[in-house]
Amino acid sequence: MRFGMVHRVMTDALAALGVIALVASGQFNRYVSWAILICLGLALVVRESWQRHPALRHLDTGILLAVIAVQVVRIVATDASVLDVLVEFAAALQIIRLATRKGAAHDQQVIVLALLHLIAGTVLGGGIGYGLCFLGVLVVAPGALVLSHLRREVEGNYRQGARDRTGLPVDVPRILRSRRVVGRSFLAVTCLLSVPIFAFTALLFVIFPRVGLSLLLLNRGHTGRMIGFSGKVDLGAVGVLRSDPKLAMRVEIPELPDPPPPRLTMHLRGTALDAYDGRTWTQSETFKRPSESDGGLVPLERYPDPAVDPVMRIDLEPIDPPVIFLPPNATGLRLKHRGQLGIDAGTMAHRGPEGELRYQPTDDRGLVYDVFLSRKRAPTFQRLPGAERRRYLALPRDLPSRVVDLAHRWTQGVDRPADRARTIQEHLRTEYRYDLASPSGADPQPLDHFLFESKRGHCEFYSTAMAILLRAVDVPTRNVTGFVGGTYNRFGRFYAVRQGDAHSWVEVYLDGEGWMTFDPTPPADAAPKSELVGAWAYLRDFIEASSQRWDRHVVGYDLNQQVGLLQTLTSRYRRRSGSSGDLALARPPILAVAAVALALGGGVLYWRFRRTRRGREERRADAGRTPSAILATALYESLEAAMLVQGVPRPPSLPPLRHAEALELAEHPLAREILTLTQVYLRARFGGATLTEDDSRDFERRVKALRGADRRARAAGESGLAASH
């Protein structure tokens, strides 16, 4: 493997991982992310010959100034976030450096920028994408740093005019093309350095919990607004959500059967609306007040009992508005932001109209909360004061009379409100067709058109129809928007709820029971639509489960998990001590001794391996040399020792022949003998001449005589050398 190519590949990989860590943070919008990735790819394929072209000498400075000017204009003339601009500039700076680098000094700048990008990724995102980039950097960084240092040393020597043993200047391009500098073992060892680095990093992480730099308020919400969970919904405006596969939340259900159902309908309630004007649902009341809380528990109509109430855990992605979603039989909840530090659940919940709950986001990482469920499956909301009953029976002023007539006709002979609700629900499910592209939304009377003309529509038409028809027969109702349910993730053991699972249904107030959930949309059309089989479904489930574990155990690692880990280890040790007595107490020393023995054994094996390998390399080096060449080298070393005694040592940068000729030019008294012996060495070492035993003895005799030559001759030679210089 060529030295230069391996160095470039590892440096490029490190730079790409740093930029991808920024992109994976989600800080950029889709178009900026694609632009950065495309520019990164183009920068990586630029050839070194192009980068060194004289016409492009100042290209990097020009591009950098242009980028700075554009970013300054964005800050001054638009409402662009300063954080977004700075992060985009950091990515652009790396791309510019990659495209215009010239030598090892610029490569070291690339490495420094990549490490800074990795640090920035912890602040901006820290998701599973960042985790993969972090592992990649651990593997690549040691080799990239070592190779960058070696290349800088080589290029530094070249600039200083260093010469090799033959007296020629160091040939840097030849070294970069060499296949002897970097081998497989070098790459393996440098990459394996990531193992102890990762172990040490993981140990520090476990001991010192990750606080999360979001406490510095650098993060901000930048998610797209999900339609349908605000206090105003136009009929026909949310049907397109059924095609959106983006993950909205992960839900862990207690006491699931074995095997769990692949799809589960949960009716996770987000917002309820009570006023309908013939086209738009709104909330007739508008207020926001802090919800009651005690020890982190938020009651709904009563305080939950954490000791006995089943718990549903919901991991909610960022959403705007920040609505908290609840199942129909929730009694209370316990909130916690992702990555929240400590055991104090300080997240504030706010109560709005129609039982709506919202949280106060502190960053863009969403919310994790536990929902306590009623053991008797009682509805969450059970009260309707008599003074408020009227607004749940209100009908639009311009409602066509045939809508009211249809309600009476369908419920003729049905007296109980619950039976009326089931009857109307059944009519809608069986006599109407689900259609996301219903033409009724464009009609001035969309409900009338749906019931009597098109007879097709999406969930908003079904829920609106049922709510208004029941109000026409004196049954209180309200329209509800939320998520219908999710599909089971076989790896993470949770239900994945997607934005495409957004849904609308009806809450009907039944005296003595409370607000009960009814869904008039045909069950086959209201169910979650995600694929359950196939390669894509398996890959999707694996990625989403990995992302959940990363968020929970790495991003969300806090004092609670640290204390829990310590308690688990302590309890296991105590159980072993109690069950095995003195044997358990003796086990840790035994394990320590075994670990030390393994370490020493590994060290000895490694030393033997290195020694054997060094011997093989020396034998291979000597294999290409004749015995006479090896003997000549040893003889010349004795000549060099004699020249040192005589005060005329050969400088390392000066070839043997040139040194002898310089002595002769200076008329040194020993120059002729040194030149003769040097020529003997060169003929045997490089000319292929054979040295006999007599030649060897004669060489040694002459070197001995040279070493003991008259000091007066040496002094005369030194003065001659000084005069020649």
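Residues numbered from 1 in each chain as written. Predicted model: local features only at pLDDT ≥ 70, side-chain atom pairs only at ≥ 80, totals over all residues. Heavy atoms only, no water.

Let's hear about the overall build of the protein chain: which residues, and what values?
Counting secondary structure elements, the protein chain contains 23 helices and 18 strands. The 725 residues of the protein chain split such that 45% are buried. Considering only contacts within the protein chain whose residues lie at least 6 apart along the sequence, 76% involve residues at least 24 apart. On the protein chain, roughly 38,100 Å² of surface is accessible, and the fraction owed to carbon and sulfur atoms is 60%. (Helix = DSSP H or I, 4+ residues; strand = E, 2+ residues; numbered from the N terminus. Buried < 20%, exposed > 50% of the residue type's maximum accessible area, 1.4 Å probe, protein only. Contact = heavy atoms within 4.5 Å. Areas by Shrake-Rupley, 256 points an atom, 1.4 Å probe, with all protein chains shown as cover.)

Break down the pattern of salt bridges for me, with residues and values.
Enumeration according to the criterion identifies 33 salt bridges in this entry. Salt-bridge contacts for Glu 388 lead to Arg 391; the nearest nitrogen and oxygen are separated by 3.2 Å. By relative accessible area, Glu 388 is classed as partly exposed at 28%. With its nearest N and O atoms 2.3 Å apart, the salt bridge here joins Glu 664 to Arg 672. Residue class for Glu 664 comes out partly exposed when judged on its relative accessible area of 29%. Given the relative accessible area of 53%, Arg 672 is considered exposed. Salt bridges sharing partners connect three or more residues here, namely Arg 269, Asp 274, Glu 285, Glu 354, Glu 388, Arg 391, Arg 478 and Glu 507. (Salt bridge = Lys/Arg side-chain N within 4 Å of Asp/Glu carboxyl O.)

Break down empty space enclosed by the protein for me, citing the residues and quoting the values.
In total, this model carries three cavities of 30 Å³ or more according to the counting rule given. Its volume calculated, the largest cavity comes out at about 80 Å³. Taken together, His 7, Arg 8, Glu 48, Gln 51, Arg 52, Arg 101, Lys 102, Gly 103, Asp 107 and Arg 151 form the lining of the largest cavity. Broken down by secondary-structure element, the contributors of at least two residues to the lining of the largest cavity are α1 (3–24) and α3 (48–51). Classifying every residue of the lining of the largest cavity by side-chain character gives no nonpolar, three polar and seven charged. (1 Å grid on protein atoms, 1.4 Å probe; cavity = no way out; pocket = protein on both sides within 12 Å on 5 of 7 lines; lining within 4 Å. Points joined across faces, edges and corners; volume = space filled by probe spheres on them. Nonpolar A, V, L, I, M, F, W, Y, C, P; charged D, E, K, R; others polar.)

Go over the pairing of strand β15 (residues 477–489) with me, naming the residues and quoting the values.
In terms of residue burial, β15 counts as a mostly covered element, since 13 of its 13 residues are buried. In terms of strand pairing, strand β3 (residues 263–273) meets β15 through eight bridges, oriented antiparallel. Each residue of the ladder has a partner; that of Leu 268, found in β15, is Phe 483. Pairing geometry for β15 and strand β17 (residues 502–510), over seven bridges, is antiparallel. Within β17, the residue paired with Asn 479 across the bridge is Val 506. With three bridges connecting them, β15 and strand β16 (residues 494–498) associate as antiparallel partners. (Pairing = 2+ DSSP bridges.)

An account of the sheet that holds strand β6 (residues 289–290) is requested, with residue identities and associated values reported.
Backbone-to-backbone hydrogen bonds join strands into a sheet, with any given pair of strands oriented parallel or antiparallel. Read from one edge to the other, the open sheet built from three strands follows the order β6-β10-β11, with strand pairing classed as antiparallel. The sheet is open, and its two edges are formed by β6 and β11 (357–359), each paired on a single side. By the bridge criterion, three bridges tie strand β10 (residues 349–351) to β11 in an arrangement that is antiparallel. Considered in β11, the bridge of His 350 is made with Arg 358.

Give me the lowdown on unusual backbone geometry, citing residues and values where you can.
Both trends apply: most residues other than glycine have a negative phi, and most peptide bonds are in trans. For the bond running from Asp 258 to Pro 259, omega is 0°, close enough to zero to count as cis. Looking at the element boundaries, Pro 259 is found in the loop between β2 (247–252) and β3. Of note in the backbone geometry, Glu 255 takes a positive phi value of approximately 55° without being a glycine. Here Glu 255 shows up in the loop between β2 and β3. What makes Glu 255 exposed here is its relative accessible area of 74%. Even without a glycine there, the phi angle at Asp 474 is positive, about 70°. Examined against the element boundaries, Asp 474 turns out to sit in the loop between α14 (459–472) and β15.

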